[in-house]
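The residues making up each chain are set out below.
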There are 2 protein chains.
Amino acid sequence: MKVVIVGGVAGGATAAARLRRLDESAEIVVFERSGYVSYANCGLPYYIGGIITDRAELTLQTPESFWRRFRVDMRVRHEVTAIHPDTKTVDVKNLATGEVFAESYDKLILSPGARPTQPALPGVGIDRLFTLRTVEDTLKLREFIEQHHPRSAVLAGGGFIGIELVENLRELGLDVTVVQRPKQLLNPLDADMAAFLHAQLREKGVKLMLGRTVEGFAADGDRVNVLIKDEAPLTADMVVLAIGVTPDTGLARDAGLELGIKGSIVVNDRMETSVPDIYAVGDAVQVKHSVTGQDALLSLAGPANKQGRIAADNICGGDSRYLGSQGSSVIKVFDMTIAATGVNEKTARQAGIDCDKVFLSPMSHAGYYPGGKVMTMKVVFEKGTYRLLGAQIVGYEGVDKRIDVLATAIHAGLTGPQLKDLDLAYAPPYSSAKDPVNMAGFMIENLSRGLVEQFFPEDVDALPRDGSATLLDVRTPGEYAAGHAEGFVNLPVDDLREHLAEIPADKPVYLICQSALRSYIACRILSQHGLRCSHLSGGWRLYTAVMQDQAAAQEALPCGMEK
Amino acid sequence: MKVVIVGGVAGGATAAARLRRLDESAEIVVFERSGYVSYANCGLPYYIGGIITDRAELTLQTPESFWRRFRVDMRVRHEVTAIHPDTKTVDVKNLATGEVFAESYDKLILSPGARPTQPALPGVGIDRLFTLRTVEDTLKLREFIEQHHPRSAVLAGGGFIGIELVENLRELGLDVTVVQRPKQLLNPLDADMAAFLHAQLREKGVKLMLGRTVEGFAADGDRVNVLIKDEAPLTADMVVLAIGVTPDTGLARDAGLELGIKGSIVVNDRMETSVPDIYAVGDAVQVKHSVTGQDALLSLAGPANKQGRIAADNICGGDSRYLGSQGSSVIKVFDMTIAATGVNEKTARQAGIDCDKVFLSPMSHAGYYPGGKVMTMKVVFEKGTYRLLGAQIVGYEGVDKRIDVLATAIHAGLTGPQLKDLDLAYAPPYSSAKDPVNMAGFMIENLSRGLVEQFFPEDVDALPRDGSATLLDVRTPGEYAAGHAEGFVNLPVDDLREHLAEIPADKPVYLICQSALRSYIACRILSQHGLRCSHLSGGWRLYTAVMQDQAAAQEALPCGMEK
């Protein structure tokens, strides 16, 4: 059997190694357009920032090492230019020599990945305008920085790699501005959770120009002007385009393979394309989102590796199935960790799922043990069934742990209230006896039992302030004095029972506290006295984060960094 | 409704707060024998070591704060001396005044906890012999250290609190010796995994005298002699007894409640005892182990808190069920983190479960991103069904994360091979594209598909060295020269294919490499050429850890610290 693999990174490299382990006699040829195989995609931004100091760390595997260990014929700087399913051959161009040749296959695996989306804008292609996807891109970017010592950079786009690059450029001392059309960074987050990300970036001196439309780029001596709709241009020493990636599927299209979202390759759960004996894996394929059941496009390394292994299994006579992508992701943003799994609220609603949510602000570990940090957790679940749909967490220590626990719970089909039953490991340096994930379970169970009702930051403005409702802030007088929502009267939870008679029995009560724990207790007290009440989910803490983010967005410079 | 709760820590305090949230009108009285309520049990060792500097951190809740927030009548220094189920009253003694009175109840919750097991040995009770369970114990121990500046301590017993105390005493500069009858510390670990714990303690200068029987204690001026069977006594400035805890259930026994293991209180999954209207929670109750289905006794804070909440729910007309304990636990041991969930191999075997296991040595995060550390993971599963039974991890960063993911997977009933499908969050600072938990899934799936066979450190001695088998070490010549197992011949995996003809086809082949990755690849090569082969699970890395632990145990001082 002869297997040809197009693309030698992530999914392609995994497939090659697994194929060899399953079939010692197969002939395995990999064509990789770039000069590197199996390189550390996700490490590229950290090489630019100097966190990863040795370039060799990015490219631990070489064609030579792959040959020695696996007898896989890895040919770098070879581009497959056409697939001929009828003759089961591919056309290949040796980019070093220009030689063109045909290679036959019994089975073909496409792992072409995705390439940075290049908008059709004036100026795309000029000097000092970079993208970041391959080792070559990285070396070019780093070389530019070392030679030209740029002092400012504009990043167009705010996805994972973009944000990682922002951090690394900022750590190098550059003045960095992020500009993009969407009003929030990191699409896996809902706007409320993105507020914490934005605050972290602003605190670290990154300028955010969100909701702006880039109309083009223009060289300006040694600088670049970024043209922005209805505003003065931004000027910087370099620009990085990171507005997203597009499946690199021209080959597949030309070969007649069925394509899906954004031209991605349609595969079944065995990673088989619409054409016999051709498999596809990685960022180029359309997946089933395991939560929504809908088709989706997710560029993540974990799924790519799993898919490569599955394709190899099936080529070797196995029956392995890809169960879909759940979109679990995590990113370090300066001191913060931000993570998500499943779908967020906006995606759930777009998918037509009737959902609800809880917010909580637990400590990463026991409060009495030094070093604990508060995280903000949002868990989204389906109304009625309480099926878990997704979670987002922003914080510091312990964020990655909780997102993986939630990812596992979602994968296993647990409901929100079942999170309370998880027997998680506790010692003071690591957690609390009631882990944050258990706490989310308690909260969802309380909702499911009708013990409490909640409202959200987006509801605060519209609360009745005409005397038809009672608005109570149940924090201490000191907390209240330091800042409170308009129209809310202070009545500390511990004093509530003595002042019940003063609260009109016939009006709904809306309650706020700092993190929604005291307001929950206040709700329990009031509702048992026959009052209709509701409390602010996430509390003053979440509300102010959202408000401050909106205010900062308003204040953001109307004209670039030169101001 | 009037609810009386015996014990105001963990389960009792949780029950009281939940009761109030569910029933604003209930009368809730808590009797706590010690002077403190709802204190940070698990923080006590860290107060002794000065990690937690403020004593108030241990006792954040007070009877006063509980009254203000919850209108719970918390009476400290009150001991319940008898329960009268027929009259639904308890006898109470005010330890401050000596006053004795009766208190009626409609519902009673017992949360008496467990107390340090006091062996019936000569000398128990002398000065300078301490236990550690309550805030009072902690204050006494710390006061002794501050006043007398002990330079040496003997710890009898090696459970969680004991090991945490060892670390804290060592950090204070004391010479610390641990002596106990079992040959390994931390019972949730199997002996192979405990080897890493022992090595860490020895590296930090802790003396381990395992497999020794303490026969008594004797005052010796300002010092204490610890009498050891067949050996010279150990002499130290102080001794801490930490050989385990015993459910504190004299009250329950006298009241005629059904008792189980070690005198623990038998409850159903609603936390109801055998006597109507009496509930019990926490360290004093017998639980169902959720993996084995057998009765068990586990002293852990997480379950105690969950049980308190469940008892309160049921008293208030709900129907909450405790699903059993899984024994998830984690402990910091100097630089290391050690964690376990489910059952270990020895417990599984004792429970009559036919089990198998995998060992792996993954990095905590991507190797190319700085700061990653190797962890050692052992996953135990049922033969045939591949049901996950338990996991143990020793390492540094990321250990607590992986144990919680595995705990969640076990709770959800996933099989070993299903671990490969988990969609976990990856970025270089946090994980690898194939997370360690996914890797465990790949390995178990490979076993389930018959792709590889394994042997274990305990099998190495008995391998045939009479020429009837081929023993190969497939590491590099340099690694081999630095140390290898007797009788193993060096043949690097990358050279294997060129030397196939030299390997006798009719003899079984046993393979070793450093961490069992290369030996697995070698197995795949050889078995596809028709050879019967098997590789050392955990590799040379695990094998040497186990061997070194056994050697160190042999060398341990035959007579105490004074030598």
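None of these values were measured; they are calculated from a predicted model.

So, on to the sheet that holds strand S29 (residues 489-490) of chain B. All names here are of chain B. Spatial strand order, S27-S31-S30-S28-S29: five strands in an open sheet with parallel pairing. The open sheet is flanked by strand S27 (454-455) and S29, the only strands paired with a single partner. Where strand S30 (residues 509-512) and strand S31 (residues 533-536) come together, three bridges link them in parallel fashion. Across the sheet, residue Val-509 finds its bridge partner in S31, namely Cys-533. Packing against the sheet, helix H13 (residues 518-528) makes contact with strand S28 (470-473), S30 and S31, and its axis sits at approximately 180 degrees to S31.

Note on the copies: chain A fits chain B at an RMSD of 0.0 Å, the axial shift is 0.0 Å, and the rotation between them is 180 degrees. Here the two chains are linked by the operation of a two-fold rotation axis. A shared interface surface links the copies, since 99% of the contact residues of chain A are contact residues in chain B too.

Moving on, we come to the confidence of the model for chain A. Residues and elements named next belong to chain A. Model confidence for chain A is summarised by a mean pLDDT of 95, while 99% of its residues fall at 70 or above. In this model, residues 559-563 is a region of pLDDT below 50 whose contacts with residues beyond four sequence positions or in other chains number 17 contacts. Predicted as a complex, the structure gets a pTM of 0.97 and an ipTM equal to 0.97.

In an α-helix, one full turn covers 3.6 residues, which means residues spaced three or four apart are oriented alike. Residue and element names in this part refer to chain A. Compared with an ideal rise of 1.5 Å per residue, which puts 15 residues at 21 Å, helix H8 (residues 301-315) spans 21 Å between its outermost C-alpha atoms and is within 8% of the ideal. With 15 of its 15 residues buried, H8 lies for the most part within the structure. Of the residues flanking the end of H8, it is Gly-317, one or two places downstream, whose phi is positive at about 90 degrees.

All names here are of chain A. Even without glycine at this site, Arg-77 takes up a positive phi of about 55 degrees. Considering the arrangement of structural elements, one finds Arg-77 in the loop between strand S3 (73-76) and strand S4 (78-84). Taking relative accessible area as the criterion, Arg-77 reaches 38% and is therefore assigned partly exposed. For Lys-262, which is not glycine, the phi dihedral falls at a positive 50 degrees. Its location among the elements puts Lys-262 in the loop between helix H7 (250-254) and strand S18 (265-266).

With that out of the way, let us pick up the domain arrangement of chain A. By a widely used convention, the size of an interface equals the accessible area lost when the partners come together. Taken as a whole, chain A is organised into domain 1 (2-114 + 246-315), domain 2 (129-243), domain 3 (335-448) and domain 4 (454-536). A separation of 57 Å is found between the C-alpha centroids of domain 1 of chain A and domain 4 of chain A.

Residue and element names in this part refer to chain A. Within the element layout of this structure, Arg-128 appears in the loop between strand S8 (114-116) and strand S9 (129-130). For Arg-128, a relative accessible area of 15% puts it in the buried group. Among the polar contacts listed, one links the side chain of Arg-128 to the backbone oxygen of Asp-237, at a separation of 2.9 Å. For Arg-128, the contacting residues outside a window of four places in its chain are Phe-144, His-148, Asp-222, Arg-223, Val-224, Asp-237, Met-238 and Val-239.

It is worth spelling out the packing of aromatic side chains at this point. In total, this model carries 16 aromatic pairs over all chains according to the counting rule given. Considering the side-chain rings of Tyr-369 of chain A and Tyr-46 of chain B, the 5.0 Å spacing of their centres and the 85 degrees angle between planes classify their relative orientation as edge-to-face. Linking Tyr-369 of chain A in the loop between strand S24 (355-360) and strand S25 (376-382) with Tyr-46 of chain B in helix H2 (residues 44-48), this pair reaches from one chain into another. For the pair Tyr-369 of chain A and Tyr-46 of chain B, one class covers both residues: buried. Arranged with centres 5.4 Å apart and planes meeting at 80 degrees, the rings of Phe-455 of chain B and Tyr-510 of chain B form a pair that is edge-to-face. Here Phe-455 of chain B is found in strand S27, whereas its partner Tyr-510 of chain B is found in strand S30, with 55 residues between them in sequence. Here Phe-455 of chain B and Tyr-510 of chain B have matching classes, each one buried. Residue placement shows Lys-373 of chain A over the ring face of Tyr-396 of chain A; its charged tip is 4.9 Å from the ring centre.

Calculation notes
Residues numbered from 1 in each chain as written. Chains lettered and ligands numbered in written order. Predicted model: local features only at pLDDT ≥ 70, side-chain atom pairs only at ≥ 80, totals over all residues. Heavy atoms only, no water. Pairing = 2+ DSSP bridges. Helix = DSSP H or I, 4+ residues; strand = E, 2+ residues; numbered from the N terminus. Contact = heavy atoms within 4.5 Å. Axes fitted to C-alpha atoms, helices over the stretch in contact; angles between N-to-C directions. Least-squares fit on C-alpha atoms with pLDDT ≥ 70 in both. pLDDT = per-residue confidence, 0-100. Expected span 1.5 Å × (residues − 1). Buried < 20%, exposed > 50% of the residue type's maximum accessible area, 1.4 Å probe, protein only. Domains from an automatic or database assignment. Polar contact = N/O pair within 3.5 Å; in protein donor to acceptor, adjacent residues only side chain to side chain. Phe/Tyr/Trp six-rings, centres within 6.5 Å; stacked < 30°, edge-to-face > 60°. Lys NZ or Arg CZ within 6 Å of the ring centre and 35° of its normal.

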